[in-house]
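The primary structure of each chain is shown beneath.
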Amino acid sequence: MPTHGPRARRLVPTAALTTAIGTALLLGGMAEPSWGATAARYPGQVKCPRGDYQLCIDGGPGGFTISGRKFSGHANAILLRNVSNVTVSGNTFKNLSGSTGYAAVHVKHSSGIVIRKNTFSGLRNGGNMHGVYLVQTSGSSVTSNKFSSITGDPVRIRDGSRNNTVSGNTFGKSGKYAMFSEWGRLERARPAVAATCSRATSTEPATPAGGSR
């Protein structure tokens, strides 16, 4: 397999970096480029907007996995927007804080997002900070993750998010209102919002902290 430098500024052939897993793609083998690089590591990757995110996807074909990454030292970690069928699996989100903090994984206007087997710990800001935050997002799942020491509700959905599943997660020392919460207005023209929750494990009592967002 060819070796690519960590600051490569051209697109590397897909075959050199991807392994097919069913219909999804697991990308790896490159150091994360600077935001000034013209080549993107993931399909749809863009320069992040204001808000101190570390990895931003806006549009693109989807159908890939973000796996084995460590995110820390910023206000937020991943922003997924206008994309479908992306899996976030086996990552570590630790010590994220700042006045612009929303979530370790912030998902907007998307569908078919799978967030599983990640570890979230030490997430905080001046108000609420969530592990996973789904906004106008449908048909997605948050399963088998570990959440600890999070000032806001570890999993929150809002603004007409529908048909999402939250299952088999472990929570400790987290949650202002609940381990899972729904926030914002419901769309009158849409069917009732549906979210399925089951088999959540709380290891310790919730610890209130921060204000509302």
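The structure reproduced in this document is the subject of the present report. Values in this document were obtained by computation on a predicted structure and should not be read as measured data. (Residues numbered from 1 in each chain as written. Predicted model: local features only at pLDDT ≥ 70, side-chain atom pairs only at ≥ 80, totals over all residues. Heavy atoms only, no water.)

Enumeration according to the criterion identifies five aromatic pairs in this entry. A ring pair is formed by F71 and F93, whose centres lie 5.2 Å apart and whose planes are at 5°; its orientation type is stacked. One end of the pair, F71, is in strand β6 (residues 70-72); the other, F93, is in strand β9 (residues 92-97), and 22 residues separate them in sequence. The pair F71 / F93 is uniform in exposure class, with both members buried. Ring centres of F147 and F171 lie 5.2 Å apart, and the angle between their planes is 10°; this geometry places the pair in the stacked category. Of this pair, F147 sits in strand β15 (residues 146-150) while F171 sits in strand β18 (residues 170-174); the two residues are 24 residues apart in sequence, bridging distant segments of the chain. Like F171, F147 is buried. What links up through ring pairs into an aromatic cluster is the set F71, F93, F120, F147 and F171. (Phe/Tyr/Trp six-rings, centres within 6.5 Å; stacked < 30°, edge-to-face > 60°. Helix = DSSP H or I, 4+ residues; strand = E, 2+ residues; numbered from the N terminus. Buried < 20%, exposed > 50% of the residue type's maximum accessible area, 1.4 Å probe, protein only.)

Turning our attention to the sheet that holds strand β13 (residues 130-135). Across the sheet, which stays open at both edges, the seven strands sit in the order β3-β4-β7-β10-β13-β16-β19 with mixed pairing between neighbours. For this open sheet the edge positions go to β3 (45-46) and β19 (180-183), each flanked by a neighbour on one side alone. The sheet contact formed by strand β16 (residues 155-158) and β19 spans four bridges and is parallel. Bridging across to β19, R158 finds its partner in W183. (Pairing = 2+ DSSP bridges.)

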